[in-house]
Amino acid sequence: MRLNLPPDEYYAQLTKVPTSGGAIFRNSKGEFLIIKKTYGDKGWSIPGGMTDQHENPREAVLREIQEELGLHLKQARLFCVDFAKNPPYDRILFVFDCGILDDQMISSIRIDTDEIGQFKFVPQEEMFMLLGPKIKKRLENSLEHLFKSSCVYLESGEKTS
């Protein structure tokens, strides 16, 4: 890597790793909100998506929540960063605690049927049975930090230490 370059040339030679944000919601019973996608593998996942250009992961997750669920939130607390090594498409995934939804907020959910076929709240054990393997591993190794109000760094869903 060359260091003595004008900024545009220097930054053009750096690695470009896409980022995304995912959201964890719970209801008053402690159940987790999961969504069934209408695209890709069409499996169960959590709300969220890729960042747009010049958007940070928290902004992306708040935008995706609005697009996918029709919810207008201002807060999201980071509890997991996962560097997913998956050549040639490595990715950095950020997972946010988006809080506990009350009955009024749940009844106001309006899903974007182009992206989501349905949503439901399920206990943690059922969530792990329904989620795809990558998101399942990520959440299995990070959910304790949701409850501790801390943050964990993972690599491809695995703890590093």
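Residues numbered from 1 in each chain as written. Predicted model: local features only at pLDDT ≥ 70, side-chain atom pairs only at ≥ 80, totals over all residues. Heavy atoms only, no water.

Student: How would you explain the overall build of the chain if you had to name every residue and give the values?
Tutor: Within the chain, the secondary structure is distributed over six helices and nine strands. Radius of gyration (C-alpha) of the chain: 17 Å, near the 15 Å computed for a compact globule of 161 residues. When each of the 161 residues of the chain is scored for burial, the buried share is 42%. For the chain, the computed accessible surface area is about 9500 Å², with 52% contributed by carbon and sulfur atoms. Across the chain, the mean location of the 21 positive side-chain charges is 3 Å away from that of the 24 negative side-chain charges. (Helix = DSSP H or I, 4+ residues; strand = E, 2+ residues; numbered from the N terminus. Rg over C-alpha atoms; globule rule 2.2 N^0.38 Å. Buried < 20%, exposed > 50% of the residue type's maximum accessible area, 1.4 Å probe, protein only. Areas by Shrake-Rupley, 256 points an atom, 1.4 Å probe, with all protein chains shown as cover. Lys, Arg positive; Asp, Glu negative; His and termini not counted. Charge placed at Lys NZ, Arg CZ, Asp CG, Glu CD.)

Student: Tell me about helix 5 (residues 133-140), residues and numbers included.
Tutor: When helix 5 is considered as a whole, its buried residues turn out to be I135, R138 and L139. The buried side chains of helix 5 occupy one side of the element, clustering within an arc of 90 degrees when seen end-on. In this fold, the buried residues of helix 5 make contact with strand 1 (19-26), strand 5 (77-84), strand 6 (91-100), helix 4 (124-130), helix 6 (143-148) and strand 8 (152-155). (Arc of directions from axis to C-beta. Contact = heavy atoms within 4.5 Å.)

Student: Tell me about the side chain of E31, and please be specific about residues and values.
Tutor: When you line up the elements, E31 lands in the loop between strand 1 and strand 2 (32-37). Here E31 occupies a buried position and makes no salt bridge, while the nearest side chain of opposite charge, K29, is found at 4.1 Å. Within the structure, E31 has its side chain in polar contact with the side chain of N27 (distance 2.8 Å). (Salt bridge = Lys/Arg side-chain N within 4 Å of Asp/Glu carboxyl O. Polar contact = N/O pair within 3.5 Å; in protein donor to acceptor, adjacent residues only side chain to side chain.)

Student: Could you give an account of unusual backbone geometry, naming the residues involved and the relevant values?
Tutor: In this structure, K42 takes a positive phi of about 60 degrees despite not being glycine. Along the polypeptide, K42 turns up in the loop between strand 2 and strand 3 (44-45). Residue K42 is classed as partly exposed on the basis of its relative accessible area, which comes to 49%. Of note in this structure, S156 is not a glycine but carries a positive phi near 50 degrees.

Student: Got a sec to walk through the environment of P18? Specific residues and values, please.
Tutor: Locating P18 in the fold gives a position in the loop between helix 1 (7-12) and strand 1. The exposure class assigned to P18 is partly exposed, which follows from its relative accessible area of 37%. Here P18 is in contact with M50, D90, R91 and I92, once residues within four sequence places are set aside.

What is shown is where atoms sit, not what they do.
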